[in-house]
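# Close look at the chain arrangement
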Number of protein chains: 2
Amino acid sequence: MPLKNTNIVSAAQTKFGALEGVTLREMFSEAVDKATIDAGIPKKDIQAAFIGSFIPEMLIHQGHTAPLLVDFAGLKGIPATRHEAACASGATALRAAVMAIESGMYDTVLVAGVEKMTSVSTSGATEALAAAADDQFESSIGLTFPGVFGIAAVAHMQKYGTTEEDMALVAVKAHKNASTNPLAQFQKEITLEKALTPRYIAWPLKLFDCSPISDGAAALVLTSNDKAKKYTDLPVKIIGSGQASASMNLCNRSDLTSFSASVEASRAAYNMAGLEAKDMDFGVVHDCFTIAEIIATEDIGFFKPGEGAKAVRDGVTALDGDRPINPMGGLAVGHPVGATGTKQAVVAYRELIGDAGPNQVAKHDTAIVHNFGGTGASCVVTIMRRGDA
Amino acid sequence: MPLKNTNIVSAAQTKFGALEGVTLREMFSEAVDKATIDAGIPKKDIQAAFIGSFIPEMLIHQGHTAPLLVDFAGLKGIPATRHEAACASGATALRAAVMAIESGMYDTVLVAGVEKMTSVSTSGATEALAAAADDQFESSIGLTFPGVFGIAAVAHMQKYGTTEEDMALVAVKAHKNASTNPLAQFQKEITLEKALTPRYIAWPLKLFDCSPISDGAAALVLTSNDKAKKYTDLPVKIIGSGQASASMNLCNRSDLTSFSASVEASRAAYNMAGLEAKDMDFGVVHDCFTIAEIIATEDIGFFKPGEGAKAVRDGVTALDGDRPINPMGGLAVGHPVGATGTKQAVVAYRELIGDAGPNQVAKHDTAIVHNFGGTGASCVVTIMRRGDA
């Protein structure tokens, strides 16, 4: 049965990028201000906060971030919890907020995601990120995330004939879309030739196949049907939510060309919404690496297994294609890990209400948002529909 | 309005202590087995997991713990999220699970807490724990947690005349109760003289005023009314849940002898349950330090401000007193940070169903569980009532 009572009534993000001199709490506060005050929602209406953040302990030696952040943002005293599932942290916070509203325990809540990554060196960030894989069996012996997705890329290439050029085309599309997104880390188109520059990070993944190290925050206000009218005439309803997990270790996987948690979370979300992949007008999917986007579009059922690369080649996933994917710019927007899941929801919200400017997709009634974590061991999928659709 | 649909149908913990050679995932798995298989609940009935863990990133370089843990524990593929609020992590996981059931999205879920702390040196653990305070303004300039609660103790002594002996009596009571708890880290009574041994950690707090560094896990199964009957004739109902936050920095506090988040979370939980402090038969409160227990018993309304110490002196909070507090042993049981909130719920459940053996309290219809985090910046309070009470 579709969820009935949860509405997004505002959504905003900070600029993503290397935000020198801007602290975690300052980014959070900026996103909150944009999603509340700037949207005409008084902060005093916010009853609780659900915050996604991956690894501030290692990046800025700060745990227990939730109360610190809400206090700094002027949301004094409200219940605030941090939710963590690596790159899927933001969507787990969103999902917890959905449950909070559907339970009837709250009417109006904040969902936010935030990460400050440029506080450490690139190798420091890589080491922190590696904590999202299994330290006992895999990351401790040298398997970093470019390595994980390099393996997935090789498997996809071997099984389906996907090429380095196919992945490069995902990067070209991401940078093209991001070029008109003023909040993106990179706002410059790149040529296919540039995307194919052989600066290998972990073969076959090259520089432009990898998401950058980024700072940023994103926030949304969710509210019940009764209260939604107070804030907007055009809420976006969350009608489906699914989550699944999978073994963290690649060595336990029977298939490296698909992520079972993505498939199961999508199925759960579609079932709840009573909809299918074909009913989605566009998708916002996790693209920590270009190959991740290709696999995600297959796992959420937009394309058959092995046909994700062809869809990119044919322009189907382009902003003006039949099934746009990551219309605001995907990995070129940046990937402040804990913020990404909520940023994805911000993108879907803005597209759905027709507020995406030059990045607006043509059909925008219903969207799927796919956020996964680490080696794909966590996945949260959310189905959203514009209130008047 | 009291919560109506959430039942605890089983609860268990591992032994707490320095569990050499036992990994995070192994402790978790043991607690899960005890709370499921050993309680006659098939693992396949568990639909989702809500896991509290404070800082495995710094203690064992492992983030993204939730999917890793459920996979290892034989709960393959289920949605699993980690919830973090420093020492209150366990109770935030419990509260998220309550919302999940009250929302109707799940019937039967696992709540668990786990922490592996003895993997690092004592100074390593102290540094990790310090991440629960504000790194930008307080912990980075040397304020560790014994310091924080030393300050609270001094304030309480100055304002109310509380003495070092009063605090020592809390330690004596904790060790007495723990002496008959085979799962406790310390199972030996201590004399008042020993508790007063001047091994100062942060004046006026001495060794026995401080919780130890511990490993351990605890787990509960929660289920809706419809399903509860399948597992037990004597469920414990969660009828009230409150959470609040406060400024993390001591320098922002107007009062150091009370924690506003505790007061507000208690009020919210009592209001939801439609009950008052006088209706509680016993309490399980956060006692990371002895002074924390004294203040908590005041903040939850068991005693007036400043009268918590007298209650200890008069034996009111003893196992056989009128208002027992921490009847299974409190800080002498150990404090594996992320596990503590769920361990507290395990204690309340066992007392409520009359399964506490030599630690059984006389009146056991209704209980309050108080779990707070860090400098008191987070607090979650849960009101539980035996199903037939």
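Just so you know, these numbers come straight off a predicted model, no measurement behind them.

### With respect to helix H11 (residues 290-299) of chain B
Counting buried residues along H11(B), 10 of its 10 residues qualify, which places the element largely inside the surrounding structure. In the core, the buried residues of H11(B) are packed alongside helix H6 (145-160), helix H7 (164-178), helix H10 (260-273), strand E9 (282-284), helix H12 (308-313) and strand E10 (366-373) of chain B.

### Examining the domain arrangement of chain A
Residues and elements named next belong to chain A. For chain A, the domain assignment lists domain 1 (7-121 + 213-235) and domain 2 (132-211 + 237-386). Each of domain 1 and domain 2 has a C-alpha centre, and the two are 22 Å apart. With 38 residues of domain 1 at the interface, the matching set in domain 2 holds 35 residues. Of all the elements in the fold, those that place two or more residues in the side of domain 1 that touches domain 2 are strand E1 (7-13), helix H4 (89-102), strand E4 (108-116) and strand E7 (215-223). Among the elements that make up the side of domain 1 that touches domain 2, the one with the highest residue count is H4 (eight residues). By residue class, the composition of the side of domain 1 that touches domain 2 is 23 nonpolar, 11 polar and four charged.

### Description of the relation of the copies chain B and chain A
Superposing chain B onto chain A takes a rotation of 180° combined with a translation of 0.0 Å along the rotation axis, leaving an RMSD of 0.0 Å. Both copies of the chain, as the preceding transformation shows, are related through a two-fold rotation axis. Within chain B, B:Ser103 has its C-alpha nearest the rotation axis, a separation of 1.8 Å. The fraction of interface residues of chain B whose copies in chain A are also interface residues reaches 100%, indicating that both copies meet through the same surface.

### A look at the interface of chain B and chain A
Opposite the 49 residues of chain B that make contact, chain A presents 49 residues. Elements supplying a minimum of two residues to the side of chain B that touches chain A: helix H2 (56-60), helix H3 (65-72), strand E3 (80-84), helix H4 (89-102) and strand E8 (236-245) of chain B. Looking at the side of chain B that touches chain A residue by residue, the classes come out as 23 nonpolar, 18 polar and eight charged. Across three bridges, strand E3 (residues 80-84) of chain A lies against E3(B) in antiparallel orientation. Looking at E3(B), one finds that A:His83 is bridged to B:His83.

### Here we look at the packing of helix H1 (residues 24-35) of chain A against helix H3 (residues 65-72) of chain A
All names here are of chain A. Packing of H1 against H3 brings their axes to within 9 Å, and their N-to-C directions diverge by 60°. One element, H1, and the other, H3, form an angle in the oblique class. Of the two elements, H1 crosses H3, and the hand of that crossing is right-handed. Note on element contacts: H3 touches H1 through Leu68, Leu69 and Phe72, opposite Arg25, Phe28 and Ser29. Its residues assigned to classes, the contact of H1 with H3 comprises four nonpolar, one polar and one charged.

Calculation criteria
- Every chain is numbered independently, its residues counted from 1 as its sequence is written.
- Chains carry letters and ligands carry numbers; both start at the beginning, A for chains and 1 for ligands, and go up in the order they are written.
- Local features are withheld for residues below a pLDDT of 70 in this predicted model, meaning they are given only at 70 or higher, and side-chain atom pairs are given and counted only at 80 or more; totals for whole chains, interfaces and linings count all residues.
- Exposure criterion: with C-beta atoms placed from backbone coordinates, a residue whose C-beta has 20 or more other C-beta atoms within 10 Å is buried, one with 12 or fewer is exposed, and one in between is partly exposed.
- Where helices and strands are cited, they refer to DSSP runs of H or I of at least four residues and of E of at least two residues respectively, numbered from the N terminus.
- Throughout, a residue-residue contact means that the two C-beta atoms, derived from backbone geometry, are no farther apart than 7 Å.
- Source of the domain bounds: an automatic or database domain assignment.
- By the convention adopted, Pro, Cys, Tyr, Trp, Phe, Met, Ile, Leu, Val and Ala count as nonpolar, Lys, Arg, Asp and Glu as charged, and the other residues, Gly among them, as polar.
- For the least-squares superposition of copies, only C-alpha atoms count, and only for residues with pLDDT at least 70 in both.
- Two strands are counted as paired when DSSP detects at least two bridges linking them.
- The convention used is that axes are lines fitted to C-alpha atoms, helices contributing only their stretch in contact, and that angles between N-to-C directions extend from 0 to 180 degrees.
- Reported orientations rely on four angle classes, namely roughly parallel under 35 degrees, roughly antiparallel over 145, roughly perpendicular from 65 to 115, and oblique for the rest.
- Handedness of a helix crossing follows the sense of rotation of the near helix relative to the far helix, less than a right angle counterclockwise being left-handed and clockwise being right-handed.

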